[in-house]
Amino acid sequence: MPDRSVRLRVNRAACSGHGLCAELLPEFIALDEWGYPLIADAAVPARLARAARRAVTDCPALALRLTGAG
Amino acid sequence: MTATNRAEIGHPAVPGEPGLPRLLPSRAHAQGVLEPGLDLVAHSRRHGRAGIRGSALIGQVDAAGLTGRGGAAFPVARKLSAVASAGGSPVVVANGAEGEPVSSKDAALLWFAPHLVLDGLQLAAEAVGARTAYLYMHAGRDARGGPDLPSHLHAAMAQRAAAGTDRATVQLIEAPPRFLAGEETALVSLINGGPARPADKQHRPFQRGIGGRPTLVQNVETLAHLALIARHGAAWFRSVGTRTEPGSMLCTIRESDGQVRVAEAALGTPLSWLLRLGDEVQAVLSGGYHGGWLTLTDARRVALCNAELRPAGAIAGAGVLVALPAAHCGLAETASVARSLALESAGQCGPCFNGLPAIAAALAELAQPRPAGRALANLQRWAGLVTGRGACHHPDGTVRFVASALSVFGAEIAVHARGRCTATRSDLFLPVTAPALAESDWR
């Protein structure tokens, strides 16, 4: 079960609402009216895996992580 | 902030319930005068020795079906087993920091039965193999100006040190005066030297807590029940309560005349045995400010257990029950509490520190006797936007409380929209904290 069960999680206490994740993954992340991410409650599709990893590494607050990977 | 006094313990047991109270002194026992429970000899005489220890105690707690009495009702044996098998050198915390301004049952328990709590702390520490323990609580002064609660507990701990009975060392830690300071990741953060703010739940404290060690955090009442299970076993514990929610729990009861008392009730006790629910009552709040409002009809029908309270939109929580008088406006009360809950946000999670003030402002609109425009629609949208999006359950609990108000006081919303209000009093019935917003308040 490689990428099928991979999910994107946000540490709500760390997230500062920068919004970069929604720019990198618009198909998967929307922003609420205050600028905080609304992440789809689903496994990250394989075609978005690379963008998801980039969102994790580029998050200015280091608030994103991938779970279930590997 | 959680002041207690002797007058509050008016009727410790519910009439007609055999075997109660278990935790607090009974009226007969105290011969009409309730004294602080400092006497270790009297405590031992009343409760006897704890014969069930270690892993056998974890088994009995499991069989008893004891759940956490701090509000979340998490199975206690699961936490005990997780910490006992985690390895390393675990830590145990007795959590007596009841942040809710309407709750005083933990303060009452610490005042009248400190040795039962400290017994439970030692027995839990022994069962999970911990030599380090903490007692965490608010300062809270006696309403008559007597000694404060921490001094009272220091005196109880000194007695036990003199008697030489305890193996784990206990350190008393005072909680900052914030609603969320008793949240278990917040207390772990404080003891680790940080602010008493909730943390993201990537690791639960029972996996990695104080000093990175597996940490068992249990409410003080939970530990008192555990101390009695260690004496009398699971079958005794289950002899009151319901099959799915066994045992008893302490309740803080605020009658519609404003009288407050702490009582111990079996789970499954009809709310109408616990509160006067005549026509002078408009609605009942169950479960505190993270709980929910019940209509008077529902309150007269349901019992003190989550199986009946949850379908009606409330919870048993930490046992707060408030009868709201008909003379007060339920919407104004809810708006006032929602404002204080918004101010009590730890200010970490965007959906919470943006959403709760927005929700509180919309409620303040609905609380006025005039058309509220889009306030109701906004409120419903924001409620959906904050739920499940906090590091702790503060946004979810606040939304449960607010959502129940929109349902229970729905008719009053319509009355307000027509420019009127059915309330005859404008003062507020429910107490709220007025938090200072200084950073130092979190330490």
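See above for the structure.
Just so it is clear, the structure is predicted and the values come from calculations on it, not from any experiment.

## With respect to the overall build of chain B
- Secondary structure summary: chain B contains 17 helices and nine strands in total.
- In summary, chain B has a C-alpha radius of gyration of 21 Å against a globular reference of 22 Å for 443 residues, a match within 12%.
- Among the 443 residues that make up chain B, the fraction classed as buried is 54%.
- For chain B, restricting intrachain contacts to residue pairs at least 6 apart in sequence, the fraction spanning at least 24 positions comes to 73%.

## Considerations on the overall build of chain A
- Summing up its helical and strand segments, chain A has two helices and four strands in all.
- The N-to-C order of helical and strand elements in chain A reads β-α-β-β-α-β.
- Computed over the C-alpha atoms, the radius of gyration of chain A is 11 Å, within 12% of the 11 Å expected from 2.2 N^0.38 for a compact globule of 70 residues.
- Intrachain contacts of chain A at a sequence separation of at least 6 include 60% that bridge at least 24 residues.

## Digging into the interface of chain B and chain A
- With 12 residues of chain B at the contact, the number on the chain A side is nine residues.
- Per-element tally for the side of chain B that touches chain A: the top contributor is helix 14 (residues 350-366) of chain B, with three residues.
- Tallied by class, the residues present in the side of chain B that touches chain A amount to five nonpolar, five polar and two charged.

## Considerations on the nonpolar core
- B:L80, B:L109, B:V117, B:L121, B:A124 and B:L187 are the most contacted members of the largest nonpolar core, which totals 139 residues.
- The contacts of B:A124, once residues within four sequence positions are left out, are B:L80, B:V92, B:L216, B:Q218, B:L223 and B:L226.
- A:V10, A:C21, A:F28 and A:V44 belong to the second-largest nonpolar core, a separate cluster that totals 16 residues.

## Let's talk about the sheet that holds strand 4 (residues 215-219) of chain B
Residue and element names in this part refer to chain B.
- On the basis of which strands lie adjacent, the open sheet formed by four strands has the order 3-2-1-4 and parallel pairing. The open sheet has two free edges, formed respectively by strand 3 (169-174) and strand 4, since each of these has just one partner strand. Shown here is a sheet whose adjacent strand axes are inclined to one another by a mean of 20°, direction ignored.
- Direction of pairing for strand 1 (residues 91-96) relative to strand 4: parallel, over a ladder of five bridges.

## Some details on the environment of B:V262
- Mapped onto the elements, B:V262 comes out in strand 6 (residues 260-266).
- For the pair formed by B:V262 and B:L109, sequence separation is 153 residues and the distance between their alpha carbons is 9.1 Å.

## Thoughts on the sheet that holds strand 7 (residues 281-286) of chain B
All names here are of chain B.
- Spatially, the five strands line up as an open sheet ordered 6-5-9-7-8, and their pairing is mixed. At either end of the open sheet lies a strand with only one pairing partner, and these are strand 6 and strand 8 (292-295). Strand-to-strand twist of the sheet, defined as the mean angle between neighbouring strand axes without regard to direction, takes the value 25°.
- Sheet topology note: the strand 7/strand 8 ladder contains four bridges and is antiparallel. What sits directly across from S286, in strand 8, is G292.
- Packing against the sheet, helix 5 (residues 105-112) makes contact with strand 5 (248-254) and strand 6, and its axis sits at approximately 115° to strand 5.
- Here helix 16 (residues 394-408) sits on the sheet in contact with strand 7 and strand 8, set at roughly 20° to strand 8.

## Examining the environment of B:V399
All names here are of chain B.
- Tracing the backbone shows V399 in helix 16.
- When the C-alpha positions of V399 and A318 are compared, they lie 17 Å apart, and in sequence the two are 81 residues distant.
- For V399, the residues in contact, after removing those within four places along its chain, are A383, V386 and T387.

## Side note on the environment of B:A299
Residues and elements named next belong to chain B.
- Structurally, A299 is set in helix 11 (residues 296-301).
- The class for A299 is buried, based on 28 C-beta atoms found within 10 Å.
- The sequence separation of A299 and P270 amounts to 29 residues, and the corresponding C-alpha distance is 8.6 Å.
- For A299, the residues in contact, after removing those within four places along its chain, are L271, L277, V284 and L294.

## Re the pairing of strand 1 of chain B
All names here are of chain B.
- With six of six residues buried, strand 1 is to be regarded as a mostly interior element.
- Residue alternation in strand 1 divides its side chains into two sets, V91, V93 and N95 and V92, A94 and G96, and both sets are buried.
- By the bridge criterion, six bridges tie strand 1 to strand 2 (residues 132-137) in an arrangement that is parallel. The partner of V92 across the bridge, within strand 2, is A133.

Rules used throughout
- Each chain carries its own residue numbering, running from 1 in the written order of its sequence.
- Here the convention is simple: chains get letters from A, ligands get numbers from 1, in the order in which they are written.
- The predicted origin of the model limits local features to residues at a pLDDT of at least 70 and limits the giving and counting of side-chain atom pairs to 80 or more, whereas totals for whole chains, interfaces and linings rest on all residues.
- The helix and strand labels rest on DSSP assignments: H or I over at least four residues marks a helix, E over at least two residues marks a strand, and numbering proceeds from the N terminus.
- A radius of gyration in this sense is built from C-alpha atoms; the matching globule rule multiplies 2.2 Å by the number of residues raised to 0.38.
- Around each residue's C-beta, the other C-beta atoms within 10 Å are counted; 20 or more make the residue buried, 12 or fewer make it exposed, and counts in between make it partly exposed. All C-beta atoms are placed from the backbone.
- Throughout, a residue-residue contact means that the two C-beta atoms, derived from backbone geometry, are no farther apart than 7 Å.
- The classification used treats Ala, Val, Leu, Ile, Met, Phe, Trp, Tyr, Cys and Pro as nonpolar, Asp, Glu, Lys and Arg as charged, and all other residues, Gly among them, as polar.
- Each nonpolar core comprises buried Ala, Val, Leu, Ile, Met, Phe, Trp, Tyr and Cys residues, the members being joined through C-beta atoms within 7 Å.
- Here, any two strands with at least 2 DSSP bridges between them count as paired.
- What counts as an axis is a line fitted to C-alpha atoms, over the stretch in contact for a helix, and the angles between N-to-C directions run from 0 to 180 degrees.

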